[in-house]
Amino acid sequence: MPEAHACRHQHRVVVAEPGLDRHDRGAEVIARALRDAGIEVVSTGLHQTPRQIVDTALQEDADGIGPPVLSGAHMTLFAEDLHLLREQDATDITVFGGGIIPDAGIPPLLGLGVAAPFTPGTTTRQVTDRVHANVARGAC
């Protein structure tokens, strides 16, 4: 009897630049660090809507979504990602991400369900460690 799905030994995450943010350098650095840490990364590029990001995560069978937000719209964008995941019954997809998020913004993001919000100064090692710790669905 065949298995329902093939087991993946590495996590898969979507790194997507939401909204009108035009600063993709940080997303590229994080994507490279995640790849170097053995995480499969699907990069979508610039100007993605939350719906496009969630649709990509669903199509790619992703374990996580990591949008960097530099516009100050972190509460709105992360909340929409989480809402769309709930709407699609895909709450097993972990949302993490970072950008220009003030320290006071961390507790509300955690309250929304963002597993790992990252602020300026977070090292790539801290990002990869927390993504590995919080994105567990693809592991065997």
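Residues numbered from 1 in each chain as written. Predicted model: local features only at pLDDT ≥ 70, side-chain atom pairs only at ≥ 80, totals over all residues. Heavy atoms only, no water.

A few points about helix α5 (residues 124–134)
Turning to step 1, where the next piece is worked out: Among the residues making up α5, those that are buried are Val127, Thr128 and Val131. The buried residues of α5 occupy one face: seen down the axis, they fall within an arc of 95 degrees. Within α5, the exposed residues directed more than 90 degrees away from the buried face are Arg125 and Ala133.
Turning to step 2, where the next piece is worked out: Buried positions along α5 lie against β1 (12–18), α1 (25–36), β4 (94–98) and β5 (116–118). (Buried < 20%, exposed > 50% of the residue type's maximum accessible area, 1.4 Å probe, protein only. Helix = DSSP H or I, 4+ residues; strand = E, 2+ residues; numbered from the N terminus. Arc of directions from axis to C-beta. Contact = heavy atoms within 4.5 Å.)

Brief notes about the pairing of β4
Turning to step 1, where the next piece is worked out: Summarising burial for β4: 5 of the 5 residues are buried, a large majority.
Turning to step 2, where the next piece is worked out: Neither face of β4 is left uncovered, since the one carrying Thr94, Phe96 and Gly98 and the one carrying Val95 and Gly97 both have all their residues buried.
Turning to step 3, where the next piece is worked out: Where strand β3 (residues 64–65) meets β4, 2 bridges bridge the pair, whose relative direction is parallel. Counted as the bridge partner of Ile65 is Val95 from β4.
Turning to step 4, where the next piece is worked out: Traced from β3 through helix α3 (residues 74–87) to β4, the parallel crossover comes out right-handed.
Turning to step 5, where the next piece is worked out: Of the pairings in the sheet, the one linking β4 to β5 comprises 3 bridges and is parallel in character. Bridge assignment links Phe96 to a residue of β5, and that residue is Ala116.
Turning to step 6, where the next piece is worked out: Since β4 and β5 lie parallel, the crossover through helix α4 (residues 106–112) that links them has a hand, and here it is right-handed. (Pairing = 2+ DSSP bridges. Right-handed = clockwise from strand over helix to strand, strands pointing away.)

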